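What follows is each chain in one-letter form.
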Amino acid sequence: MPHRDPAELASVLETEDLLERGLVACAGQVRVVLDIGFGRGELLIELASAQQDTAFMGVEISRKRVEKVARRIARVELKNVRVMHSTAEHVVERVLPVKSLAECWINCPDPWPKKRHFKRRLIQSEFIERLRQRMVPQAVLHLATDHPGYAEWMHDVMSKAPGWENLHAPAPWSDTRPPRIATAYETEWLAEGRCMAYFEYRCQETR
Ligand SMILES: C[S@@+](CC[C@H](N)C(=O)[O-])C[C@H]1O[C@@H](n2cnc3c(N)ncnc32)[C@H](O)[C@@H]1O
């Protein structure tokens, strides 16, 4: 086994630790932004570098990706990002406190294109309702997909979900990327001539 410096993985946060110590103790900032399924972490790192007074948290199901991104975070010496090896469902349902997120990014979640796999899609009404409960009023949820069927699915779920305002209305979504970098996936897909659908929803005040 190659020698690994533990400092390389200093940004990895165990969900049990977060549950035990609380979000502010772990994140170290009042404003918390979550990137769900951060993949290679380009967006997470870019956002965190640009907003050093905000705490960024990422959750990713692949341990390999969590460790790779943690090493990049250590190399660029970012102190305001923590990455968790877990599922979005677990973190949103069981780990994050109510009204804790100022913003959330779900960029290109796996589309699960076969009908028999639709139930595996992350964007489901129950998940979106739990996510809404974790967001502060006025917080923005950014969603994006390159898959036309998943874009229709996202629109359907979001338009039926209570407590969200579509910031692109009356259009269901925008095909223009919000002001941020394109991830490697997006660059690849756009080069293949595929279109992206970008959604921005604001969380409304609820009783
Ligand atoms: C298509 S990639 C997109 C990666 C990145 N967001 C981007 O735009 O470049 C989807 C990512 O979501 C992760 N993922 C899939 N299901 C997940 C889940 N339930 N919870 C957290 N991450 C998940 C995958 O491991 C993968 O890295």
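Residues numbered from 1 in each chain as written. Predicted model: local features only at pLDDT ≥ 70, side-chain atom pairs only at ≥ 80, totals over all residues. Heavy atoms only, no water.

A. Spotlight on the overall build of the protein. Of regular secondary structure, the protein possesses 8 helices and 7 strands. For the C-alpha atoms alone, the extent of the protein along its principal axes is close to 50 × 45 × 35 Å. Across the 207 residues of the protein, 47% fall into the buried class. Across the protein, contacts joining residues at least 24 apart in sequence account for 78% of those joining residues at least 6 apart. Put simply, the protein shows about 11000 Å² of open surface, and 53% of that area lies on carbon and sulfur atoms. Charged side chains of the protein number 30 positive and 29 negative; the gap between the two group centres comes to 4 Å. (Helix = DSSP H or I, 4+ residues; strand = E, 2+ residues; numbered from the N terminus. Buried < 20%, exposed > 50% of the residue type's maximum accessible area, 1.4 Å probe, protein only. Contact = heavy atoms within 4.5 Å. Areas by Shrake-Rupley, 256 points an atom, 1.4 Å probe, with all protein chains shown as cover. Lys, Arg positive; Asp, Glu negative; His and termini not counted. Charge placed at Lys NZ, Arg CZ, Asp CG, Glu CD.)

B. Geometry of the site of the ligand. Taken together, 15 residues are adjacent to the ligand, and G37, E60, R65, A88 and N107 come closest. Note that a nitrogen atom of the ligand is positioned 3.3 Å from one of the backbone N or O atoms of I61. Contact distances for the ligand include 2.7 Å between a nitrogen atom and a backbone N or O atom of N107. Compared with its free state, where it exposes 600 Å², the ligand has 88% of that area covered by protein. Two domains each provide a minimum of three residues to the shell around the ligand, namely domain 1 (1-97) and domain 2 (99-207). (Near = heavy atom within 4 Å. Polar contact = N/O pair within 3.5 Å; in protein donor to acceptor, adjacent residues only side chain to side chain. Domains from an automatic or database assignment.)

C. Molecular detail of the pairing of strand β3 (residues 81-85). In terms of burial, β3 is a largely internal element, 4 of the 5 residues being buried. Pairing of strand β2 (residues 55-60) with β3 involves 5 bridges; the strand directions are parallel. Paired with M57 across the bridge in β3 is R82. On the question of chirality, the crossover connecting β2 to the parallel β3 by way of helix α4 (residues 63-75) is right-handed. (Pairing = 2+ DSSP bridges. Right-handed = clockwise from strand over helix to strand, strands pointing away.)

D. Main features of the sheet that holds strand β1 (residues 32-36). With mixed pairing, 7 strands are arranged side by side in an open sheet as β3-β2-β1-β4-β5-β7-β6. Of all strands in the sheet, those with a lone pairing partner are β3 and β6 (164-166), marking the two edges. Mean inter-strand twist for the sheet, computed between neighbouring axes without regard to direction, equals 20°. The sheet strands contacting helix α3 (residues 42-50) are β1, β2, β3 and β4 (101-107), and the helix crosses β2 at an angle near 175°. (Axes fitted to C-alpha atoms, helices over the stretch in contact; angles between N-to-C directions.)

E. Just the domain arrangement of the protein, in detail. According to the domain assignment, the protein consists of domain 1 (1-97) and domain 2 (99-207). Summarising the inter-unit geometry, the C-alpha centres of domain 1 and domain 2 are found 21 Å apart. Carbon and sulfur atoms supply 60% of the area that domain 1 and domain 2 bury against each other, a total of about 2000 Å² over both sides. If you sort the residues of domain 1 by the area they bury against domain 2, I36, L43 and V92 come out on top, with a joint share of 26%. Joining domain 1 to domain 2, the criterion identifies 2 salt bridges. The shortest N-O distance in the salt bridge between R31 and E103 comes to 3.2 Å. Of all the secondary structure elements, the ones that give two or more residues to the side of domain 1 that touches domain 2 are β1, α3 and α5 (88-95). Per element, the largest residue contribution to the side of domain 1 that touches domain 2 is 5 residues, and it comes from β1. Looking at the side of domain 1 that touches domain 2 residue by residue, the classes come out as 11 nonpolar, no polar and 8 charged. (Buried area = accessible area lost by both parts, 1.4 Å probe. Salt bridge = Lys/Arg side-chain N within 4 Å of Asp/Glu carboxyl O. Nonpolar A, V, L, I, M, F, W, Y, C, P; charged D, E, K, R; others polar.)

F. Region of interest: helix α7 (residues 148-160). Taking 1.5 Å per residue, 13 residues should reach 18 Å; α7 reaches 19 Å between its end C-alpha atoms and fits that length. Of the positions making up α7, those classed as buried are Y150, A151, M154, V157 and M158. The arc that holds every buried residue of α7, seen down its axis, measures 130°, which confines them to one face. Within α7, the exposed residues directed more than 90 degrees away from the buried face are P148 and K160. On its buried face, α7 is in contact with α6 (125-134), β5 (135-145), β6 and β7 (197-203). (Expected span 1.5 Å × (residues − 1). Arc of directions from axis to C-beta.)

G. Geometry of the nonpolar core. Within the largest apolar cluster, 40 residues are counted, with the highest numbers of intra-cluster contacts made by L34, I36, I106, I128, L131 and L141. Element by element, the count of residues in this core is highest for α7, at 5 residues. Domain assignment of the residues forming this core places at least three in each of domain 1 (1-97) and domain 2 (99-207). Once residues within four sequence positions are removed from consideration, L141 is found in contact with C104, I106, I128, L131, M135, M158, W164, F199, E200 and Y201. Counting residues in hydrophobic clusters, the runner-up holds 17 residues, among them L43, I45, A48 and V81. (Core = buried A, V, L, I, M, F, W, Y, C linked by side-chain atoms within 4.5 Å.)

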